[in-house]
Number of protein chains: 2
Amino acid sequence: MKIDLENVLPADIERRSFEIIEQELGGRILDKEKAPIIKRVIHTSADFEYADSLMFSENVVEYALAAIRRGACIVTDTEMGKAGINKKVLAKYGGEVLCFMADEEVARIAKINGSTRATASIDKAALLDKEIIFAIGNAPTALVRLYELITENKIKPALVIGVPVGFVNVVQSKELVINSSAPYIVARGRKGGSNVAAAICNALLYMVDETRGA
Amino acid sequence: MKIDLENVLPADIERRSFEIIEQELGGRILDKEKAPIIKRVIHTSADFEYADSLMFSENVVEYALAAIRRGACIVTDTEMGKAGINKKVLAKYGGEVLCFMADEEVARIAKINGSTRATASIDKAALLDKEIIFAIGNAPTALVRLYELITENKIKPALVIGVPVGFVNVVQSKELVINSSAPYIVARGRKGGSNVAAAICNALLYMVDETRGA
């Protein structure tokens, strides 16, 4: 098993990786709009389970691409997720990535309320006068709070990417999002993570970028 | 399936998550030194395959903890990995996390050499006058270059965390590390990622921190 010396540069590795993913998905026919997202998540995780676990609300990809084109911002629940999102492409359309987890006001409010910083972050994001894509890869409490605010008509997200990973309240929090009125992309079950959240954002960003001026 | 209202704060969620992981690992007996690392990687991925795929060189945990106590730095190949590592705990012992991927000199050298920025990053790290833990969660070329420098006696890492994820050269690059003379923790196979690299670093940092002053 030797190193493949024809594919050592990042662009070559990525192209070849997507070819392998395509092959290993076999004859499986993916929805054209969803395929780039599913493949990029598999690319970032080497985990083919996502071909089955990723759930999409109706027309969500179309809505999400339109929101990015209009300059929607992305709010994440981790600095890791923020670090992984392609901020250059997002900025072309006027958007930016925001993470309030290290915000002092958020920490103070969480402490007063006995809630989590993730919950307080969502409350802070709800006050923004912007279209927002929520990219939640870590905190189920962020999804629970989003569900409450959506149900109370206090927030209308452009998209909820609900992919926290873990063992406590994670599965349940994702089902809340699936049962909400918001457009969603959710990784059903325990798996997910900040890397998966970033991969979904990047897949959407690259789709917008490829169709630019088309 | 209801939200578990007794475990909504991060510390409670983490404690309960580790209990569930322990239960689901069943009667399996993990090496005492390796267990906190294996469990934290499962915690960050919800993927029990890591219980089998994580490979450790002899006494690597003991060596790694000693290196952290002496102030070793951590060099990562992604900003995501850097974002995920607990820099506060590392700083207590005099270490810091470095990532050279966005370094302009590194970009220039990679371009001149027709190599990757990850390769050039390793060359730059090799010039540091410090003990280094390499936490590689993305670029197989970083591991290939590390292997070359180790073999040529040009670098002597305190630890190589070899957990890139992917489909091209990833499996092979990890086997190189396993066959090198360096202390290693490697996730054999395709799986891994910056989140896994950060989780391994954090598991080691928390082990050092728990035994502080003991």
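Residues numbered from 1 in each chain as written. Chains lettered and ligands numbered in written order. Predicted model: local features only at pLDDT ≥ 70, side-chain atom pairs only at ≥ 80, totals over all residues. Heavy atoms only, no water.

Quick notes on the overall build of chain A
- Assigned secondary structure in chain A consists of 11 helices and six strands.
- For chain A, the C-alpha radius of gyration of 17 Å lies close to 17 Å, the compact-globule estimate for 214 residues.
- Taken along its principal axes, the extent of the C-alpha atoms in chain A is 55 × 40 × 30 Å.
- Within the structure as shown, chain A displays about 9,800 Å² of accessible surface, and the carbon and sulfur contribution to it stands at 49%.
- Charged side chains of chain A number 27 positive and 28 negative; the gap between the two group centres comes to 2 Å. (Helix = DSSP H or I, 4+ residues; strand = E, 2+ residues; numbered from the N terminus. Rg over C-alpha atoms; globule rule 2.2 N^0.38 Å. Areas by Shrake-Rupley, 256 points an atom, 1.4 Å probe, with all protein chains shown as cover. Lys, Arg positive; Asp, Glu negative; His and termini not counted. Charge placed at Lys NZ, Arg CZ, Asp CG, Glu CD.)

As for the packing of helix H4 (residues 60–69) of chain B against helix H11 (residues 194–210) of chain B
Residue and element names in this part refer to chain B.
- Relative orientation of the contacting elements H4 and H11 amounts to 70°, with a least axis distance of 10 Å. Considering the angle they form, H4 stands roughly perpendicular to H11. Every residue of H11 that contacts H4 at Val61, Ala64, Leu65, Ile68 and Arg69 is listed here: Leu204, Leu205, Met207 and Val208.
- Tallied by class, residues from the contact of H4 with H11 come to eight nonpolar, no polar and one charged. (Axes fitted to C-alpha atoms, helices over the stretch in contact; angles between N-to-C directions. Parallel < 35°, antiparallel > 145°, perpendicular 65-115°, else oblique. Contact = heavy atoms within 4.5 Å. Nonpolar A, V, L, I, M, F, W, Y, C, P; charged D, E, K, R; others polar.)

Considering the pattern of salt bridges
- Counted according to the given criterion, the structure contains 34 salt bridges over all chains.
- The residue Glu49 of chain B makes a salt bridge to Lys191 of chain B at a minimum N-O spacing of 3.2 Å. Here the residue Glu49 of chain B occupies a position in the loop between helix H2 (35–45) and helix H3 (50–53), and Lys191 of chain B occupies one in the loop between strand S6 (184–187) and H11, the gap between them amounting to 142 residues.
- When its relative accessible area of 47% is taken as the criterion, Glu49 of chain B is described as partly exposed.
- Measuring nitrogen to oxygen at the nearest pair gives 3.3 Å for the salt bridge that ties Glu105 of chain B to Lys124 of chain B. Here Lys124 of chain B lies in helix H8 (residues 117–126) and Glu105 of chain B lies in helix H7 (residues 104–113), a separation of 19 residues in the sequence.
- Look at Lys124 of chain B and you get partly exposed, because its relative accessible area is 25%.
- Bridged by salt links that share partners, the residues Asp47, Glu49 and Lys191 of chain A together with Asp47, Glu49 and Lys191 of chain B form one connected network. (Salt bridge = Lys/Arg side-chain N within 4 Å of Asp/Glu carboxyl O. Buried < 20%, exposed > 50% of the residue type's maximum accessible area, 1.4 Å probe, protein only.)

Overview of the relation of the copies chain A and chain B
- For these two chains of identical sequence, chain A goes onto chain B by a turn of 180° and a shift of 0.0 Å along the axis, with RMSD 0.0 Å. Read as a symmetry element, the transformation amounts to a two-fold axis. Residue Met80 of chain A, judged by its C-alpha, is the member of chain A lying nearest the rotation axis, at 2.4 Å.
- Mapped onto chain B, 100% of the interface residues of chain A are again interface residues, and the two copies thus contact each other with one and the same surface. (Least-squares fit on C-alpha atoms with pLDDT ≥ 70 in both.)

Here we look at the interface of chain A and chain B
- On the side of chain B, 45 residues touch chain A, which itself brings 45 residues to the contact.
- For the pair chain A and chain B, the two sides together bury roughly 3,400 Å², of which 71% comes from carbon and sulfur.
- In terms of surface lost to chain B, no three residues of chain A exceed Met80, Phe167 and Val168 of chain A, which account for 21% of the buried area on that side.
- Viewed at the interface, chain B and chain A are joined by four salt bridges.
- Where Asp47 of chain A meets Lys191 of chain B, a salt bridge forms, and the shortest distance between an N and an O atom there is 3.7 Å.
- Scanning the region where chain A abuts chain B turns up six residue pairs in polar contact (both at pLDDT 80 or more).
- When contributions to the side of chain A that touches chain B are tallied by element, the ones reaching two or more residues are helix H1 (10–24), helix H2 (35–45), helix H5 (79–84), helix H9 (140–151), helix H10 (170–178) and helix H11 (194–210) of chain A.
- If you tally residues by element for the side of chain A that touches chain B, the top one is H1 of chain A, at seven residues.
- Partitioned by chemical class, the residues of the side of chain A that touches chain B number 20 nonpolar, 16 polar and nine charged. (Buried area = accessible area lost by both parts, 1.4 Å probe. Polar contact = N/O pair within 3.5 Å; in protein donor to acceptor, adjacent residues only side chain to side chain.)

Here we look at empty space enclosed by the protein
- Evaluation of the coordinates by the stated rule reveals one cavity of 30 Å³ or more.
- Size it by volume and the largest cavity reaches roughly 140 Å³.
- If you trace the largest cavity, you find 15 residues lining it, with Ser45, Tyr50 and Asn195 of chain A together with Ser45 and Tyr50 of chain B closest to the centre.
- When contributions to the lining of the largest cavity are tallied by element, the ones reaching two or more residues are H2 and H11 of chain A together with H11 of chain B.
- Looking at the lining of the largest cavity residue by residue, the class counts come to four nonpolar, seven polar and four charged. (1 Å grid on protein atoms, 1.4 Å probe; cavity = no way out; pocket = protein on both sides within 12 Å on 5 of 7 lines; lining within 4 Å. Points joined across faces, edges and corners; volume = space filled by probe spheres on them.)

Quick look at the sheet that holds strand S4 (residues 132–136) of chain A
All names here are of chain A.
- Taken together, the six strands give an open sheet; going across it, the order is S1-S6-S5-S4-S2-S3, and neighbouring strands pair in mixed fashion. Strands at the two margins of the open sheet, each flanked by one partner only, are strand S1 (54–56) and strand S3 (97–99). Each strand axis lies, on average, 15° off the axis of its neighbour in the sheet, ignoring direction.
- Pairing of S4 with strand S5 (residues 159–162), which is carried by four bridges, proceeds in the parallel orientation. (Pairing = 2+ DSSP bridges.)

Here's the deal with the UniProt feature "domain: Cobalamin biosynthesis precorrin-8X methylmutase CobH/CbiC" (unreviewed entry) in chain A
- Residues annotated by UniProt as "domain: Cobalamin biosynthesis precorrin-8X methylmutase CobH/CbiC" (unreviewed entry) correspond here to residues 12–207 of chain A.
- The annotated region residues 12–207 of chain A carries 54% helix and 12% strand content, and the separation between its end C-alpha atoms amounts to 19 Å. (UniProt positions renumbered as here; feature names shortened; annotations may be inferred.)

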